[in-house]
Amino acid sequence: MWSKIIELKESYSPTHGVSTHVDSEYVSTDGPIRNTSDTIENIARSEVLKQIEQLIEKIIEDISLGTPPVLSASNRGSWCNISFTEGVGLEMRGDASVATSRFDAATSRNKFALTMKTLAMCYKLIQTNTFCTKRDLYYNDPLGYSSQSTLDKIVDDISCMLKVPRNSLHVLATSKGCIAGSLTYTEADGKYVDCSDTKSGILISSHVERICNVSSAAMFVLVVEKDATFQKLLDEGILSKLHPCIVVTGKGYPDVHTRLMVRLLWNTLRIPVLGLVDADPHGMEILLVYKFGSRAMSHESCNLTTPSIKWLGVLPSDLKRLRVPESALLPLTPSDLSKAKDMMNRPYWSSVPHWMKEMQIILESEKKAEIQCLAAVSENFLTDVYLPSKIKCGGWI
């Protein structure tokens, strides 16, 4: 059952593909790793406070010299500013163009003021070593921010401006991802979490980077695109049928915490990470976000990506081989075609030639398939046949 998984696991080395930096006392099947959490956390806090102070000092200096102050951050809205490194993923270019908010420009004066307000709140959170959600920040001044998305973008801009992870600002997004399987760990507040003791999954922590004492006997991690599929797998006993394993879902496009958790599991346990997504351009993009990151969060890719992740299914090439009925397939939409065209122009596309071939099958057939289409073969085909046989035969790319 596990021969191909073991081969894949043994192909990994401490320097294979991704950084081995660890910033907590992780305990895996190989034993404890040095505890550096306190040192790193203290350095990070003092460094972020220092950077904010230097930024404010520069603004005060500009005002004293009669120069209108300006805030600038790398422009994350253009692919021209993004480079690709195979072992890391999408990264912000060192010479990226910048987007500015000028106090003397009517079009950006409000954004300048809101950014300064948000910076002040972040500074207080870091200084007092407390955390809050982006939603909490928004409700400090809902009329000023006008929408949650405005506040979200400003927080990401500050993170990019200071070149620090967003969580270093002590501002958290609400977690939505879930996890289950052969895994235990301790959360930041000391709570012990056993992910095997659940029928519907454990909500992923908002403080993934502060998780410690990670322990697991799992042979692999399965990342599932949809919550409905995740719940179906749990209901059909996937954790016992493929024991020992860990199953994770980001419930669609993954949030930062889910991506951090998948990265932590890879970095800590050094076991294969496999993806189960729809056989369509949107499913492929979700898996590529786990693998190489996103343009919007390219300044944090080194913390968020899992470049070793493999595509287990549903592969477009599997559909004909499994004789999935035509009635279970769906026609490509204009949105699918637009997404496919966009993806094929991204800097990482040529680095996944096998995935390129699968995309070509989708485009040539003009058909796509959801994971649920496998139920057209037999009701429990996904859990009882498809996943076990693919894992046994090493059917990933």
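In case you missed it, the structure is sitting above this.
Residues numbered from 1 in each chain as written. Predicted model: local features only at pLDDT ≥ 70, side-chain atom pairs only at ≥ 80, totals over all residues. Heavy atoms only, no water.

**Re the sheet that holds strand 13 (residues 212–215)**
Right, on to step 1. Here three strands make up an open sheet; going across it, the order is 11-10-13 and the pairing antiparallel. Strands with a single pairing partner mark the edges of an open sheet, and in this sheet they are strand 11 (192–194) and strand 13. Here the average twist between neighbouring strands, direction ignored, is 10°.
Right, on to step 2. Where strand 10 (residues 184–186) and strand 11 come together, three bridges link them in antiparallel fashion. (Pairing = 2+ DSSP bridges. Helix = DSSP H or I, 4+ residues; strand = E, 2+ residues; numbered from the N terminus. Axes fitted to C-alpha atoms, helices over the stretch in contact; angles between N-to-C directions.)

**Describing helix 6 (residues 148–162)**
Three or four residues apart is the spacing at which side chains of an α-helix point the same way, because the helix has 3.6 residues per turn.
Right, on to step 1. With 15 residues, helix 6 should reach 21 Å at 1.5 Å per residue; the first-to-last C-alpha distance of 21 Å fits that figure.
Right, on to step 2. Counting buried positions over the 15 residues of helix 6 gives twelve, a clear majority of the element.
Right, on to step 3. Within helix 6 the residues assigned to the buried category are Q148, L151, D152, I154, V155, D156, D157, I158, S159, C160, M161 and L162.
Right, on to step 4. Immediately beyond the C-terminal end of helix 6, within one or two residues, lies K163, with a positive phi of roughly 60°. (Expected span 1.5 Å × (residues − 1). Buried < 20%, exposed > 50% of the residue type's maximum accessible area, 1.4 Å probe, protein only.)

**A closer look at the pairing of strand 14 (residues 221–224)**
Right, on to step 1. Across the two faces of strand 14 the burial is the same, with V221 and V223 and L222 and V224 all buried.
Right, on to step 2. Sheet analysis places strand 14 next to strand 15 (residues 246–249), joined by four bridges and oriented parallel. By the bridge assignment for strand 15, L222 is matched with V247.
Right, on to step 3. Of the strand pairs in this sheet, strand 14 and strand 16 (residues 273–276) are connected by four bridges, and their pairing is parallel. In the strand pairing of strand 16, V221 is matched with V273.

**Side note on the packing of aromatic side chains**
Right, on to step 1. Taken as a whole and judged by the stated rule, the model has eight aromatic pairs.
Right, on to step 2. Taken together, a centroid distance of 6.2 Å and an interplanar angle of 70° make the contact between F84 and Y348 edge-to-face. Of the two residues, F84 sits in strand 4 (residues 82–85) while Y348 sits in the loop between helix 13 (334–343) and helix 14 (353–365), which places them 264 residues apart along the sequence.
Right, on to step 3. When its relative accessible area of 21% is taken as the criterion, F84 is described as partly exposed.
Right, on to step 4. Here the aromatic rings of F381 and Y386 are separated by 6.5 Å at their centres, their planes lie at 40°, and the arrangement is tilted.
Right, on to step 5. Judged by relative accessible area, which is 11%, F381 ranks as buried.
Right, on to step 6. Geometry around F103 places R109 over its ring, the cationic atom sitting 6.0 Å from the centre.
Right, on to step 7. Note that R270 overlies the ring of W266, its terminal NZ or CZ placed 4.3 Å from the centroid. (Phe/Tyr/Trp six-rings, centres within 6.5 Å; stacked < 30°, edge-to-face > 60°. Lys NZ or Arg CZ within 6 Å of the ring centre and 35° of its normal.)

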